[in-house]
Every structure is written in structure tokens, then in C-alpha cells.
Amino acid sequence: MDDLDAVLMRMAHAPVPASLDGMEARVLARIAARPAARAGTGIGAVTIAVALVMGVLSAGFPAREAGAVSALSPLGPMSPLAPSVLLAGAP
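Asker: Describe in detail the overall build of the chain, supporting the description with residues and values.
Answerer: Each helix and strand counted, the chain has four helices and zero strands in total. From first element to last, N terminus to C terminus, the chain shows the α and β order α-α-α-α. Put simply, the chain shows about 8700 Å² of open surface, and 69% of that area lies on carbon and sulfur atoms.

Asker: Go over a nonpolar patch on the surface with me, naming the residues and quoting the values.
Answerer: On the surface, a nonpolar cluster with roughly 560 Å² of combined accessible area is contributed by Val16, Leu20, Met23, Val27, Leu28 and Ile31. Along the polypeptide, Met23 turns up in helix α2 (residues 23–33). What makes Met23 partly exposed here is its relative accessible area of 39%.

Asker: Describe the confidence of the model for the chain, and please don't skip the residues or the numbers.
Answerer: Across the chain, the average pLDDT comes to 78, with 59% of residues at or above 70. Here helix α4 (residues 83–88) stands out as the element of the chain with the lowest mean pLDDT, 68, in contrast to helix α1 (residues 4–13), whose mean of 91 is the highest.

Conventions we followed
Residues numbered from 1 in each chain as written. Predicted model: local features only at pLDDT ≥ 70, side-chain atom pairs only at ≥ 80, totals over all residues. Heavy atoms only, no water. Helix = DSSP H or I, 4+ residues; strand = E, 2+ residues; numbered from the N terminus. Areas by Shrake-Rupley, 256 points an atom, 1.4 Å probe, with all protein chains shown as cover. Patch = residues over 30% accessible without salt bridge, like charges linked within 9 Å, V, L, I, M, F, W, Y side chains within 5 Å. Salt bridge = Lys/Arg side-chain N within 4 Å of Asp/Glu carboxyl O. Buried < 20%, exposed > 50% of the residue type's maximum accessible area, 1.4 Å probe, protein only. pLDDT = per-residue confidence, 0-100.

Structure representation (C-alpha cells):
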């Protein structure tokens, strides 16, 4: 098996294949001939309108009224969330 440096040296001194002649020009010509992809403004406008309507409707009709939750303080006296109660059980 050849040494990597020897293989690379042979490739560096090998003649350039004829198929590579003018490749850059061909690639640039194909890029220039290709139409640019553009997003339609109609789709964007419809998406914005739908999002706006959904936001207005969801803000206007709450699912239910929020009520006050009993105040639980993990640091208060005899709190059911205190670590001592949770680990040892209720006194």
C-alpha cells in the first residue's frame, strides 16, 4: 500500500481531466438560469390574518374565570408543604 504523501504527490502531478475544463462557468450559468424561490405574499397575509383572529378570539372568550387558590406557603408554620412534614409525615 502506498504512503499517503506519495498518493497525494501523484495526484498533484497528474493531468487535469478534460471534463473539469470550464466547470466553474457551467455551474455559474446553471445558478444564473435557475429562478429564485419566492414566498407568495398571499400566503403570508393569510397566515398573519389567521393568527390575529385566533389571538383576538382566545383573548375575548376565557375558558373559565380564575379563582383564588388557598394560600400554601412552604415556609409557614405547620405547612403541609414543609420538608419536615413531607419526609416524616403529618404531626
